[in-house]
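Residue-level listing of the chains:
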Amino acid sequence: MILRTEIATILKAPPIGETVTVMGWVRAWRGNRFMVLNDGSSAETLQVVVDGEQFDEETIRGIGFHAAVSVTGELVESQGAGQAVEVIAKELTILGKTDLSTYPLQPKRQTMEFLRENGQFRMRTNTFSSVFRLRHAVAFAINKYFNDRGFYYLHTPIITGNDAEGAGEMFRVTTFEPDSAPRDEAGAVDYGQDFFGKGTHLTVSGQLQAEIGALALGKVYTFGPTFRAENSNTSRHLAEFWMIEPEIAFADIDNDMDLAEDFCKYLITYCLENYLSDLEYLDARIVEAEKNLPKDKRRPMGLLEMLRFVVEDDFARITYTEAIDLIMRSKPYKKGRFEFPVSWGVDLQAEHERWLVEKHFKKPVIVRDYPKDIKAFYMRLNDDDKTVAAMDVLFPYIGEVIGGSQREEREDVLRQRMQEMGVHEEELAWYLQLRTFGGAPHAGFGLGFERMVQFITGMGNIRDVIPFPRAPRLADF
Ligand code: 4AD
Ligand code: MG
């Protein structure tokens, strides 16, 4: 059996004077004497003092960048600046060496693109190990938040026959070979003969099934992978991303907005309270990366400042109609600086969302009551007959992190909306029945997990907050 102490454990309450065994990867090897080790247990490293004379030459030569080593020695107070304690190596074993002449990573700043291509190693860098610890932290905090408040975690299917968002951006699931798929008399592929006896896809959202749960268990949430075949090659879109979708019965759009705001603040507070060393590292990294940029190209705020800004401010709440009005009266609009056109009825683009948040309100913004024509069929029609009880939560730097709504619980109105939007009743007979029998006002939302992790870590590209990103022309590992 292997016995070792994790570095985070040692640094939490350093057992000065005791002999410890640590195992980790070499982050730096300075002056042939100081080895900096990290084992993934936190962002912090442990310095090991190696007296070259004590070990054979091959062992010393084996201490390379990212080599895996085992060290046993006495933990002492450090003489040098920069660390409180260090280990004086008595035993040193190279568990796995790295040859720098062929190892893809080098001890210098590497581009994000390069690291993405070398995804088998990128988690060993300071940046990515912090990112993935925080990704875990957010996932854990999500489950804790809901569990502590009496929500039930509901697992909705990944393979489904319905397009919840009605946007047609789905990946088909089939066992047919493209060339030999059976065809019907009209020459169309006959999915009736396929594995499931009908056409199926990867889900774009677990919401419709979550509604089944809410209308029985009261408060549920889903947290799973979702898939969208939208050809958006942006720093905010993935083809495979994770979504958290709470669904609550006996609730309207105001309850929904309150839940969304409280939830966002909780997740960020949890990271600030439990993962500060990772956040501090990422904060400093952004300052360093942007130091040579002109001021107007730098981010509006430091990372920690931006996180506190979300936690400390009440979110502004406005209607879509007010948002359009504000944007059309804004300086960048009048000076023609927005790329996309604006008028009542169009969807807001990230540039408009970020203007509202960063320039106008200077705090997170919830926009509600969007035009019915640009939103999904299930959203509750408002009394004006033109808008629906939808809401989007907008953050600085990222734009939309949450999209949600009060659901249409009136069967006749829902049927009408489905007809207008070309949603087939036969496919969603069960969904309509939730209204026919024991329906109740209910609401929910979807938080894009990677968008939230991107916000909390400050990473510029959403592909760098998911271990193995899937995007157009990208499906490695
Ligand atoms: O706004 P969306 O499309 O809402 C829904 O899917 C609803 N069914 C949610 C609900 O009410 N239960 O997506 C929700 C969130 C967005 O706000 C965004 O943060 C994220 O999911 N999202 C994406 N994240 C990464 N890549 C993509 N391609 C995304 N599309 C949406
Ligand atoms: Mg949306």
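Residues numbered from 1 in each chain as written. Chains lettered and ligands numbered in written order. Predicted model: local features only at pLDDT ≥ 70, side-chain atom pairs only at ≥ 80, totals over all residues. Heavy atoms only, no water.

As a further point, take the overall build of the chain. Helix and strand counts for the chain come out as 14 helices and 16 strands. Principal axes of the C-alpha set define a box for the chain whose edges measure 85 × 60 × 45 Å. In the chain, which comprises 477 residues, the share counted as buried stands at 51%. Pairs at least 24 apart in sequence give 68% of the contacts found in the chain among residues at least 6 apart. Carbon together with sulfur atoms contributes 50% to the accessible area of the chain, which is approximately 23100 Å² in total. Averaging the locations of the 55 positively and 73 negatively charged side chains of the chain gives two centres separated by 6 Å. (Helix = DSSP H or I, 4+ residues; strand = E, 2+ residues; numbered from the N terminus. Buried < 20%, exposed > 50% of the residue type's maximum accessible area, 1.4 Å probe, protein only. Contact = heavy atoms within 4.5 Å. Areas by Shrake-Rupley, 256 points an atom, 1.4 Å probe, with all protein chains shown as cover. Lys, Arg positive; Asp, Glu negative; His and termini not counted. Charge placed at Lys NZ, Arg CZ, Asp CG, Glu CD.)

With that out of the way, let us pick up the site of ligand 1. Glu165, Gln207, Glu230, Glu245 and Glu400 are the nearest of the 24 residues found near ligand 1. One nitrogen or oxygen atom from the side chain of glutamate 230 is found 2.7 Å from a nitrogen atom belonging to ligand 1. In this structure, an oxygen atom belonging to ligand 1 sits 2.9 Å away from a side-chain N or O atom of arginine 407. Looking at the shell around ligand 1, the elements with two or more residues in it are β11 (240–249), β15 (399–406) and β16 (442–448). The element contributing the most residues to the shell around ligand 1 is β15, with five residues. Its residues assigned to classes, the shell around ligand 1 comprises eight nonpolar, eight polar and eight charged. (Near = heavy atom within 4 Å. Polar contact = N/O pair within 3.5 Å; in protein donor to acceptor, adjacent residues only side chain to side chain. Nonpolar A, V, L, I, M, F, W, Y, C, P; charged D, E, K, R; others polar.)

The next point concerns the side chain of aspartate 278. Mapping aspartate 278 onto the fold places it in helix α7 (residues 276–290). Aspartate 278 has contacts with Ala43, Ser130, Arg133 and Leu134, leaving out every residue within four places of it along the chain.

Okay, the packing of aromatic side chains next. Taken as a whole and assessed by the stated rule, the structure comprises 24 aromatic pairs. With a centroid separation of 5.3 Å and 85° between ring planes, the pair formed by tyrosine 145 and phenylalanine 146 is classed as edge-to-face. Of the two residues, tyrosine 145 and phenylalanine 146, both sit in the buried class. Summarising the aromatic geometry, the rings of phenylalanine 176 and tyrosine 191 are spaced 5.8 Å apart at their centres and angled 20° between planes, so their arrangement reads as stacked. With phenylalanine 176 in the loop between β8 (172–173) and β9 (200–202) and tyrosine 191 in the loop between β8 and β9, the pair connects residues that are 15 residues apart, well separated along the chain. Tyrosine 191 gets classed as partly exposed once you look at its relative accessible area, which sits at 21%. Aromatic rings pair up to connect Tyr145, Phe146, Phe151, Tyr153, Tyr221, Phe263, Tyr266 and Phe445 into one cluster. In this arrangement the basic side chain of arginine 149 is found over the ring face of tyrosine 145, its NZ or CZ atom lying 3.9 Å from the centre. When the ring centre of tyrosine 191 is taken as reference, the NZ or CZ atom of arginine 172 above it lies at 4.0 Å. (Phe/Tyr/Trp six-rings, centres within 6.5 Å; stacked < 30°, edge-to-face > 60°. Lys NZ or Arg CZ within 6 Å of the ring centre and 35° of its normal.)

In this structure, Phe395 and Ile456 are the most contacted members of the largest nonpolar core, which totals 69 residues. Top contributing element to this core by residue count: helix α6 (residues 253–274), with twelve residues. Here this core spans two domains, since at least three of its residues come from each of domain 1 (7–108) and domain 2 (126–169 + 204–465). Counting residues in hydrophobic clusters, the runner-up holds 34 residues, among them Ala316, Ala323, Val365 and Leu428. (Core = buried A, V, L, I, M, F, W, Y, C linked by side-chain atoms within 4.5 Å. Domains from an automatic or database assignment.)

Quick look at the domain arrangement of the chain now. Interfaces are often described in size by the accessible area the parts lose on coming together. We note that the domain assignment places domain 1 (7–108) and domain 2 (126–169 + 204–465) within the chain. Facing the six residues of domain 1 at the interface are six residues of domain 2. When domain 1 packs against domain 2, close to 410 Å² is buried across both sides, 40% of that on carbon and sulfur atoms. On the domain 1 side of the contact with domain 2, Arg27, Gly40 and Ala43 bury the most area, a combined 76% of that side's loss. Taken together, the links from domain 1 to domain 2 amount to zero salt bridges. The tally of links between domain 1 and domain 2 comes to three residue pairs in polar contact (both at pLDDT 80 or more). (Buried area = accessible area lost by both parts, 1.4 Å probe. Salt bridge = Lys/Arg side-chain N within 4 Å of Asp/Glu carboxyl O.)

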